[in-house]
Amino acid sequence: MNYSSLLKRIDHKRDELVALTQDLIRIPTINPQGEAYAECAHFIGERLRKRGFNIEYVRALHEAGDSDKYPRINVVARYETAQPGKCMHFNSHIDVVEVGTGWTVPPFSGWVQSEKIYGRGSCDMKGGLAASIIACESLIEEGVGWRGALEISGTVDEESGGFAGVAYLVSKGYFSPPKVDYVIIPEPLGVDRICLGHRGVWWAEVETHGRIAHGSMPFLGDSAILQMSAFLQQIEQVLHPKLRQRISQHPVEPPGARASTLNINSIHGGQTEQSYRTNDKGHPVGDLPSPVVAHTCKAVIDRRFIVEETLAEVKQEIVDILENLKHCRHGFQYSLKDIMQFLPTHTDQQQPVVVATAQAIQEIYGKDAQYIASPGTYDQKHILRSGELKNCIAYGPGKLELAHQPDEYVDIEDVVNSSKIMALAATKLLS
Ligand SMILES: [Zn+2]
């Protein structure tokens, strides 16, 4: 295949690629609740239908979050050539996180300035989605030098676990060979880096139980908040130093995440604050809890573990701390509840999708690709979990640190180059 013709074609589509990214940003697919999913799925589907793709809209009926007001609609587009062969699939999530504060540009306008496209989702990951669409359309227009099939999916809810998105499609066989052989997820991991996988995650709720009493006579009760503080002390003083010593051999980026980590995502103890104080006009003036000794305290822990650890060990470590407190602290009682868990994933560096993408990066940037792993999970976990497909990586434009931030942006140059790399990688895999 004539690579230079393909690359030139993508260069000529630069304005179109920018416009497509802007159009996608302008559909505010905020999750939660899952705004405008149908609109975004149809926007992608109808564009690709005109270019010869077969389009399926797959609604994750009755999955968590799905309702008639907020339907979980995924789009899967497939282009089949006359010659049978392998299938290269590009999967992007269409949802974005809420806007938050601190923006200096309108978050859903697709503002372009200094060769950057701004907006919520520009980096994570509508720039990557647009790059993959232009890559596939360019390959189809070139028309020669490859065979088999191309697929593009726009899936929902990645930011909330991907259960109605990629996980749902996996359960229906959408990511199984021979339907799909290679997957690239254009998450914003950097244009010259290949992300092979991610650390594992375990979320759990720890609750300590106390005994309620009047706040003026705390000696009559037992504070669940103080019991929780004993647990948190153990986390900070005993567990954290141990975790910092446990370094993965995998190239997790940023390097701080090569060690195991534990975050306390939230904590709540005592009564719920309520607006029962009112001013002379009867309006609430502030939230206060009742004056009682806390009978309960709950914390959600977010444990990210490395491929060298097992989930069973990770859980046992927390149980050991809690059991130890039970033995040495008066009145210490607890419960522990799993919320979510995913094992670490890792695609072998010798897999064809890795090799092809690395060659493409070399051709565009003239340097070796950097191999990394992600500190947090993304939809790769669902694709690899079925165990049938081993060829899956994340590769896409954008800087991970900008994701979910105010004034999120993606560099136009990066979007164009990543589109070329995706097209080149697909060519190598399908020729
Ligand atoms: Zn993302």
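Residues numbered from 1 in each chain as written. Predicted model: local features only at pLDDT ≥ 70, side-chain atom pairs only at ≥ 80, totals over all residues.

(A) Representation of the sheet that holds strand β5 (residues 116-118) within the structure. Reading across from one edge, β4-β5-β18 is the order of the three strands in this open sheet, with antiparallel pairing throughout. Since the sheet does not close on itself, it has two edges, and those belong to β4 (112-113) and β18 (409-411), each with one partner. Looking at chain direction, β5 and β18 are connected through three bridges and run antiparallel. Of the residues in β18, the one forming a bridge with K116 is D411. Running at roughly 45° to β18, helix α4 (residues 122-142) makes contact with β5 and β18 of the sheet. Contacts between helix α10 (residues 412-430) and the sheet are confined to β5 and β18, with β18 contributing the most and set at about 60° to the helix. (Pairing = 2+ DSSP bridges. Helix = DSSP H or I, 4+ residues; strand = E, 2+ residues; numbered from the N terminus. Contact = placed C-beta atoms within 7 Å. Axes fitted to C-alpha atoms, helices over the stretch in contact; angles between N-to-C directions.)

(B) Spatial organisation of the packing of helix α1 (residues 3-12) against α10. At their nearest, the axes of α1 and α10 sit 10 Å apart, and the two run at 145° to each other. Judged by the twist between their axes, the crossing of α1 over α10 is right-handed. Of α10, the residues touching α1 (which contributes Y3, L6, L7 and I10) are V416, S419, K420, A423, L424 and T427. Among the residues forming the contact of α1 with α10, the class breakdown is seven nonpolar, two polar and one charged. (Left-handed = near helix turned anticlockwise from the far one by under 90°. Nonpolar A, V, L, I, M, F, W, Y, C, P; charged D, E, K, R; others polar.)

(C) Looking closely at the nonpolar core. Counting 91 residues, the largest nonpolar core has I393 and A426 as its most contacted members. At eleven residues, the largest contribution of residues to this core is made by α10. Counting residues in hydrophobic clusters, the runner-up holds eight residues, among them M228, F231, C297 and I301. (Core = buried A, V, L, I, M, F, W, Y, C linked by C-beta atoms within 7 Å. Buried ≥ 20, exposed ≤ 12 C-beta atoms within 10 Å, placed from the backbone.)

(D) Expanded view of unusual backbone geometry. Cis geometry is found at the peptide bond from P32 to Q33, where omega equals 10°. Relative to the helices and strands, Q33 resides in the loop between α2 (14-25) and α3 (37-49). One non-glycine residue with positive phi stands out, namely D157, at about 65°. Residues other than glycine seldom take positive phi values, yet H404 does so here, at roughly 70°. Position of H404 among the secondary structure elements: in the loop between β17 (392-394) and β18.

(E) Quick look at the domain arrangement of the protein chain. Parsing the protein chain into structural domains produces domain 1 (3-198 + 344-430) and domain 2 (201-342). Here the C-alpha centre of domain 2 lies 36 Å away from the C-alpha centre of domain 1. Contact residues are listed per partner, giving nine residues for domain 1 and twelve residues for domain 2. Here the element with the most residues in the side of domain 1 that touches domain 2 is strand β16 (residues 370-374); it accounts for three residues. (Domains from an automatic or database assignment.)

(F) Representation of the environment of L6. Among the structural elements, L6 can be located in helix α1. Among the residues examined, L6 registers 23 C-beta atoms within 10 Å and is labelled buried.

(G) Broad picture of the environment of S114. Residue placement: S114 occurs in the loop between β4 and β5. Once the C-alpha coordinates of S114 and Q349 are considered, the two residues, 235 residues apart in sequence, prove to be 36 Å apart.

(H) Fine view of α10. Its 19 residues give α10 an end-to-end C-alpha distance of 27 Å, which sits within 8% of 27 Å, the value for a rise of 1.5 Å per residue. In terms of burial, α10 is a largely internal element, 18 of the 19 residues being buried. (Expected span 1.5 Å × (residues − 1).)

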